[in-house]
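Listed here are the chains, written in short residue letters.
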Amino acid sequence: MSDVPSNTAPKPIEGDLRLVASLVYGLFLFSFFTHGLTALVGAVIAYVKRPDARGTIFESHFSNAITVFWVSVVFAILFTVAVIAGIAGMFSLFGPGFWHWHAHDWTAHMHAWQWQADGPAVPQSWWPLVGFLPVVPLGFLLYVVWYLYRVIRGLIHALDNKPY
């Protein structure tokens, strides 16, 4: 048996933490090609290594990676809901008769449109189309810029031995 207590494991040197933080950021960048799978791996590594980094400049890097991961998960859920609502809105414009129509029954396609005597047709169920307005693509673009900023800034600061 050893005379050294088992709870006094040596702390990793900061060079190792720098390497691990850089690896986590690299996994986050690579997640654009793996649909987020490598970001999940990076988040798990950040959760595992954050206690080892407590009190060092790299603690902020692991906390940043965890924050970026969870914000990305929430954004992915919201984006998916918006796109599904937009697609449902597109189909609801035509109404239930759109899917069960006969070749001679063109009115089934048009029953969801409200014809006005003085202007063009106006869809009755327009609200789900909000998912396809420029709000969703613009929101996605802003998210990608935010994500890249947080990850690239973190990587640069980790390589320079600076806190996030």
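The coordinates are above.
Okay, so let's go over this structure. Bear in mind the structure is a predicted one, so any value in this text is a computation, not a measurement.

Here we look at the packing of helix α1 (residues 14-30) against helix α5 (residues 135-159)
Reasoning step 1: The geometry of α1 relative to α5 is characterised by a closest axis approach of 9 Å and an angle of 155° between their N-to-C directions. One element, α1, and the other, α5, form an angle in the roughly antiparallel class. Crossing of α1 against α5: the hand is left-handed. Contact residues: α1 offers Arg18, Ala21, Ser22, Tyr25, Phe28 and Leu29, while α5 offers Tyr147, Leu148, Arg150, Val151, Ile152, Gly154, Leu155, Ala158 and Leu159.

Details of the packing of aromatic side chains
Reasoning step 1: Tallied over the entire structure, the rule returns 11 aromatic pairs.
Reasoning step 2: With 5.8 Å between their ring centres and 50° between their planes, Tyr143 and Tyr147 make a pair best called tilted. A residue pair is termed a helical-turn pair when its members lie 3 or 4 positions apart in one helix, as Tyr143 and Tyr147 do in helix α5 at 4 residues. Judged on exposure class, the residue Tyr143 and its partner Tyr147 are both buried.
Reasoning step 3: Here the aromatic cluster, defined as three or more aromatic residues joined through ring pairs, consists of Phe28, Phe32, Phe75, Phe79, Phe140, Tyr143, Trp146 and Tyr147.
Reasoning step 4: In this arrangement the basic side chain of Arg153 is found over the ring face of Tyr164, its NZ or CZ atom lying 4.5 Å from the centre.

Cut-offs and rules
Residues numbered from 1 in each chain as written. Predicted model: local features only at pLDDT ≥ 70, side-chain atom pairs only at ≥ 80, totals over all residues. Heavy atoms only, no water. Axes fitted to C-alpha atoms, helices over the stretch in contact; angles between N-to-C directions. Helix = DSSP H or I, 4+ residues; strand = E, 2+ residues; numbered from the N terminus. Parallel < 35°, antiparallel > 145°, perpendicular 65-115°, else oblique. Left-handed = near helix turned anticlockwise from the far one by under 90°. Contact = heavy atoms within 4.5 Å. Phe/Tyr/Trp six-rings, centres within 6.5 Å; stacked < 30°, edge-to-face > 60°. Buried < 20%, exposed > 50% of the residue type's maximum accessible area, 1.4 Å probe, protein only. Lys NZ or Arg CZ within 6 Å of the ring centre and 35° of its normal.

Shape descriptors only; they carry no functional weight alone.
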